[in-house]
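In case you want the letters, here they are:
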Amino acid sequence: MQLSFQHLFFTLAFAVLVVAIMVVAKSILIPLGLALLLAFILHPLHKRLKQKRIGNIGAAILVLLSFFLVLIGILTFFSTEILSLSDQLTDFGDKLMSIFTDSVVFVNENLSFLGNFDKDQLLEDGKAWIKDGAASLLGKTFSNTANILTGLFTVIIYTFLFLIYKEGLVSAFMRFAPEEKEPQYLKMLKKIQNVGQKYLSGMLTLILILGLANSTGLWIIGLDSPFLFGFLAATLSIIPYIGTTLGASIPVLYAFMSKDELWVPIAVAGMFWLIQVIESNFLSPKIVGNSVNVNAFAAILSLIIGASVWGVAGMVLFLPFAAMLKVICENYIPLQPLALLIGDDHFNKSQQSDDGPSFFKKIKNKVMK
């Protein structure tokens, strides 16, 4: 066995250069990445409209207009739910501040690290601090909203360009392939597109199902604004591993603070746990399927790297990008070991041979029979 330090140096230098470019040019690459995935999922509709003699540009405009109307509807729904909950959120903040004040008083009575102080004065100071923080937060919200709208407009423009120049882009990428390898290269490009398309369409379907299931469960329990919390938790589940826990913790905390009965937050937590078990073992394998086909180690690593490089956008984008990278690595012999490290097939076979079929797979097999 021989180790080439020259090849190792160039590999590490290339990896560092790629990360540096992603950090420096993230304001350009993030909208491009979002637009690419959005173009993948809108491509079938764009292709169908083109066949009806609407034209390439006309079909792209209609597709993006439909997407924009759906997005406006979703934002309107969430805004209406948040406005209807605003009065309760004020009471929620007052109750949270009161609990914090009582906790400080209790600790001070037992440890006496603050000396004598007025509880009412502490409560008033806390409310004034929250009010000042809310004013600062409101200013930042307007600034962030402007940045989000600018980024959304940029994503729509990039998506429009991807849709109308799709054939030209494919032809340009085909020039990188040797003439005898063009069919294999074209197959690789189509597989990359299918990975992004199946992942996004599967995730949207999964979000819709989870949102309805969460909202129904919260409505049965009796929590306020069940559709807001249900679909918020379902939407956050697009962030692997962390999103599900964060989406469940918000309604659990709200139930704990807004309801006097202790069984309500316990019931909310139990409902989210049950839905998560069903989603992980039954819904996600059937709906998303093997479109991502990335093992847990590579998924967590892509999540950490994405959060470090691009923040929340990286947490959402790097998992499907890892699946696309796996497709590319499978078609190049020097990169096939990297494909094995990213892929899930080899790890699943090893785990099944060592541990046997899992408990949930046994249940799923019995149900499917």
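Keep in mind the model is a prediction, meaning the values are calculated, not measured. (Residues numbered from 1 in each chain as written. Predicted model: local features only at pLDDT ≥ 70, side-chain atom pairs only at ≥ 80, totals over all residues. Heavy atoms only, no water.)

Here helix α7 (residues 182–221) crosses helix α12 (residues 312–330) at 155°, and the two axes come no closer than 9 Å. What the angle tells us is that α7 and α12 run roughly antiparallel. Between α7 and α12 lies a crossing of right-handed hand. From α7, Met188, Lys191, Ile192, Val195, Gly196 and Tyr199 reach across to α12, where they touch Val316, Leu319, Pro320, Ala323, Met324, Val327, Ile328 and Glu330. Of the residues assigned to the contact of α7 with α12, the class counts are eleven nonpolar, one polar and two charged. (Axes fitted to C-alpha atoms, helices over the stretch in contact; angles between N-to-C directions. Helix = DSSP H or I, 4+ residues; strand = E, 2+ residues; numbered from the N terminus. Parallel < 35°, antiparallel > 145°, perpendicular 65-115°, else oblique. Left-handed = near helix turned anticlockwise from the far one by under 90°. Contact = heavy atoms within 4.5 Å. Nonpolar A, V, L, I, M, F, W, Y, C, P; charged D, E, K, R; others polar.)

As a volume, the second largest pocket reaches approximately 2,100 Å³. Together, 47 residues line the second largest pocket, and Phe321, Ala322, Met324, Leu325 and Ile328 are the ones closest to its centre. Among the secondary structure elements, those contributing two or more residues to the lining of the second largest pocket are α1 (5–24), α2 (26–50), α5 (119–164), α6 (166–174), α7, α11 (296–310), α12 and α13 (336–342). Each residue belonging to the lining of the second largest pocket can be placed in one class, and the counts come to 39 nonpolar, five polar and three charged. (1 Å grid on protein atoms, 1.4 Å probe; cavity = no way out; pocket = protein on both sides within 12 Å on 5 of 7 lines; lining within 4 Å. Points joined across faces, edges and corners; volume = space filled by probe spheres on them.)

Pairing between side chains of opposite charge can happen when their charged atoms approach one another. Taken as a whole and judged by the stated rule, the model has three salt bridges. In this structure, the salt-bridge partner of Glu330 is Lys191, at a minimum N-O distance of 3.5 Å. Taken together, the residues Glu330 in helix α12 and Lys191 in helix α7 connect sequence positions 139 residues apart. The residue Lys326 makes a salt bridge to Glu330 at a minimum N-O spacing of 2.5 Å. Of this pair, Lys326 and Glu330 both sit in helix α12, four residues apart, which is roughly one turn of the helix. Classification of Glu330 as partly exposed rests on a relative accessible area of 30%. A cluster of three or more residues bridged by salt bridges with shared partners is formed by Lys191, Lys326 and Glu330. (Salt bridge = Lys/Arg side-chain N within 4 Å of Asp/Glu carboxyl O. Buried < 20%, exposed > 50% of the residue type's maximum accessible area, 1.4 Å probe, protein only.)

Tallied over the full model, the rule gives three aromatic pairs. Relative to Phe10, the ring of Phe9 has its centre 5.7 Å away and its plane inclined at 65°; by these criteria the two rings are edge-to-face. Summarising the burial analysis for this pair, Phe9 and Phe10 share the class exposed. Judged by centre distance (6.3 Å) and plane angle (40°), the rings of Phe173 and Phe176 are tilted. (Phe/Tyr/Trp six-rings, centres within 6.5 Å; stacked < 30°, edge-to-face > 60°.)

Purely spatial values, then, with no claim about function.
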